[in-house]
Amino acid sequence: MSKIEVDQVDPQSGTTLTLGTSGDTVNIPSGVTLANNGTATGFASVAWQSSIVTGATHTASANQGLWIDTTSNACTLTLPSSPSAGDQLIFADIARQWGNNAVTLSLNGSKYQGFTSPDPVYDTEGETVHIVYSGSTSGWIPINDGAVVNEMPQPYSASFLVIAGGGGGAYFYGGGGGAGGYRNSFGSETSGGGGSTESTLTFNIGTVYTVTVGGGGAGTPGTPSANNNGTSGTNTSLSGSGITTITSIGGGGGAGGSSGGLAALNGGSGGGGGGSGTSSAGGSGTANQGFDGETVGANDPGNGGGAGGTGASGGAGLASSITGSSVTRAKGGIGASATANTGNGGNSDGGNGQSGVVILRVPTASYTGTVSGSPTVTTSGSDTIMTFTGSGTYTG
């Protein structure tokens, strides 16, 4: 092997010096130090900056290493403009203050993990983040960071079944209670009152969604002298920033029966008519939530309306498989069973209406597990289902 010993090599002409030809390997022996006093390109090296970033904003250049001190304020770090594949950036929490004042990345027109929003936030104490630009399709990709959370969380779809409390039934020729209002967005299943399937909701990471489960209405006291309607059920709702509040209306109370009929109460589904010696009108249901209660003649207790049918036709409920198995809920009183959290109306013997329920179904990959109110959490296929039998919250 030939050996050349010189102190400097210069190009014979022009300003470009080439070592070897395509396909050759240039070996640098162990122990040799390459000192770069100019600009190195194509080596994907990272040049650590001697100055510490302390400002509220800073614009990075490609292939830099940055020390960021957020002791006094949070920092918005703008990523390099027009990056090239292989460009790198490393930034580190030199003062261990990111947990108090976070670093937010301004993407400057590029993608991050394949998305353009939201802006990534790094808020872990002592974190060091190393990102590499992969190209326009996926953009900047973290190849090392100290956190395990996804810095680019995306919105996701949530299906719901929201049922209000059922109305109470009335005693002594009284009417049955109407079923609680029934609203559904799961699959191709319908809502109550002949309504179509509603649109699913879009949940955002960090948003708190509040569930309020309505109670069933009380039935008329069990005495023939009572001439009172059953009490209507209470509304059930699902609310949160960025979504339209879903409210199901409580079922109407059944008409009081003794010594002259009273008109049944309106509700999600209408209460059934009733009366001793006179006819009585059934209550009206709410559009796309439930059907009307039954209008009856003298001495004839009427059935409350259900989510799936009028009181005159039996007050049928509706079946949903949102939990993974088919369950029928929201039946009108007389034929309804006293099963909690179904929204069934109370029977015409003065039975109480049943409480409502809220069921949410989200992709398991997006489920955060942050809930209050102790919902029952199950899975079906690739989805997670939360069944709220009482009020609570879910944080997206």
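Residues numbered from 1 in each chain as written. Predicted model: local features only at pLDDT ≥ 70, side-chain atom pairs only at ≥ 80, totals over all residues. Heavy atoms only, no water.

Colleague: Explain the overall build of the protein chain to me, please; I cannot follow it from the model alone.
Modeller: Of the regular secondary structure elements, the protein chain holds 0 helices and 22 strands. Taken against the 2.2 N^0.38 rule, which gives 21 Å for 396 residues, the C-alpha radius of gyration of the protein chain at 34 Å runs more than 25% over that of a compact globule. Across its three principal axes, the protein chain shows a C-alpha extent of roughly 120 × 45 × 30 Å. Here the protein chain holds 396 residues, and the buried ones make up 42% of them. Once local pairs closer than 6 in sequence are excluded, the contacts in the protein chain between residues at least 24 apart make up 56%. (Helix = DSSP H or I, 4+ residues; strand = E, 2+ residues; numbered from the N terminus. Rg over C-alpha atoms; globule rule 2.2 N^0.38 Å. Buried < 20%, exposed > 50% of the residue type's maximum accessible area, 1.4 Å probe, protein only. Contact = heavy atoms within 4.5 Å.)

Colleague: Would you explain the side chain of Asn184 in this entry?
Modeller: Note that Asn184 resides in strand 11 (residues 182-184). With sequence-adjacent residues up to four places away left out, Asn184 is seen in contact with Phe160, Leu161, Glu189, Thr190, Ser191, Thr197, Glu198 and Ser320.

Colleague: What is the right way to read the sheet that holds strand 7 (residues 121-122) from this model?
Modeller: The strands making up a sheet associate through hydrogen bonds between their backbones, and the pairing can be parallel or antiparallel. With respect to topology, 4 strands assemble into an open sheet ordered 2-4-6-7, the strand pairing being mixed. The open sheet terminates on both sides in strands that have one partner only, identified here as strand 2 (57-59) and strand 7. Across 3 bridges, the pairing between strand 2 and strand 4 (residues 75-78) is parallel. When the bridges of strand 4 are listed, Thr59 appears paired with Thr78. (Pairing = 2+ DSSP bridges.)

Colleague: Any chance you could explain the side chain of Ser320 here in plain terms?
Modeller: Inspection of the secondary structure puts Ser320 in strand 16 (residues 318-320). Within the structure, Ser320 has its side chain in polar contact with the side chain of Glu189 (distance 2.6 Å). Of note is the side chain of Ser320, whose polar atom sits 3.2 Å from the backbone nitrogen of Ile322. The contact partners of Ser320, leaving out residues within four places of it in the chain, are Leu161, Tyr182, Asn184, Glu189, Ser325, Ser326, Val327 and Arg329. (Polar contact = N/O pair within 3.5 Å; in protein donor to acceptor, adjacent residues only side chain to side chain.)

Colleague: Could you clarify how one ought to interpret the pairing of strand 8 (residues 128-133) in this entry?
Modeller: Walk down a regular strand and you will see the side chains alternate between the two sheet faces. Of all 6 residues that make up strand 8, 5 are buried, and the element is covered over most of its length. Alignment of strand 5 (residues 88-93) against strand 8, held across 5 bridges, turns out to be antiparallel. The partner of Ala92 across the bridge, within strand 8, is Thr128. Bridge count for strand 8 against strand 9 (residues 140-144) is 4 bridges, and the pairing is antiparallel. Within the sheet, the bridge partner assigned to Val132 lies in strand 9 and is Ile141.

Colleague: I'm lost on the packing of aromatic side chains in this one. Help?
Modeller: By convention here, two paired aromatic rings are described through the distance between centres and the angle between planes. A full pass over the atoms with the stated rule returns 8 aromatic pairs. Here the aromatic rings of Phe203 and Tyr209 are separated by 3.9 Å at their centres, their planes lie at 15°, and the arrangement is stacked. On the basis of relative accessible area, Phe203 is assigned to the buried category, the value being 0%. Joined through ring pairs, the aromatic side chains of Tyr156, Phe203, Tyr209, Tyr367 and Tyr394 make up one cluster. (Phe/Tyr/Trp six-rings, centres within 6.5 Å; stacked < 30°, edge-to-face > 60°.)

Colleague: Can you help me understand the environment of Thr364 in this one?
Modeller: Structurally, Thr364 can be placed in the loop between strand 18 (357-363) and strand 19 (370-372). We classify Thr364 as partly exposed; its relative accessible area is 36%. Measuring from C-alpha to C-alpha, the distance between Thr364 and Glu151 comes to 18 Å, with 213 residues separating the pair along the chain. Excluding its chain neighbours within four sequence positions, the residues that come into contact with Thr364 are Thr379, Ser382, Asp383 and Thr384. Of the polar contacts made by the side chain of Thr364, one reaches the side chain of Thr384; its length is 2.9 Å.

Colleague: Teacher, can you tell me more about the nonpolar core here?
Modeller: General note: in soluble globular proteins, nonpolar side chains tend to be found buried as a group. If you look at the biggest cluster of nonpolar residues, it comprises 20 residues, and the most contacted ones within it are Ile68, Leu77, Leu89, Phe91, Leu105 and Tyr112. Listed by contribution, the elements that provide at least two residues to this core are strand 3 (64-68), strand 4, strand 5, strand 6 (103-106) and strand 8. Ranked by residue count, the leading element in this core is strand 8, at 3 residues. When near neighbours in sequence (up to four residues on either side) are disregarded, Leu77 contacts His58, Ala60, Leu66, Ile68, Leu89, Phe91, Val103, Thr104, Leu105 and Ser106. Grouped together as the second largest cluster of nonpolar side chains are 18 residues, Tyr209, Val213, Ile243 and Tyr394 included. (Core = buried A, V, L, I, M, F, W, Y, C linked by side-chain atoms within 4.5 Å.)

Colleague: What is the right way to read the environment of Trp67 from this model?
Modeller: Tracing the backbone shows Trp67 in strand 3. Separated by 328 residues in the primary sequence, Trp67 and Thr395 have C-alpha atoms spaced 34 Å apart. Those residues in contact with Trp67 that lie beyond four places of it in its chain are Trp48, Gln49, Ile52, Val53, Ala92 and Ile94.

Colleague: Could you clarify how one ought to interpret the sheet that holds strand 1 (residues 47-53) in this entry?
Modeller: As summarised here, the arrangement of the 5 strands in space is 1-3-5-8-9, forming an open sheet in which the pairing is mixed. Two strands lie at the open edges of the sheet, namely strand 1 and strand 9, each paired on one side alone. Strand-to-strand twist across the sheet, computed as the mean angle between neighbouring axes with direction ignored, equals 25°. (Axes fitted to C-alpha atoms, helices over the stretch in contact; angles between N-to-C directions.)

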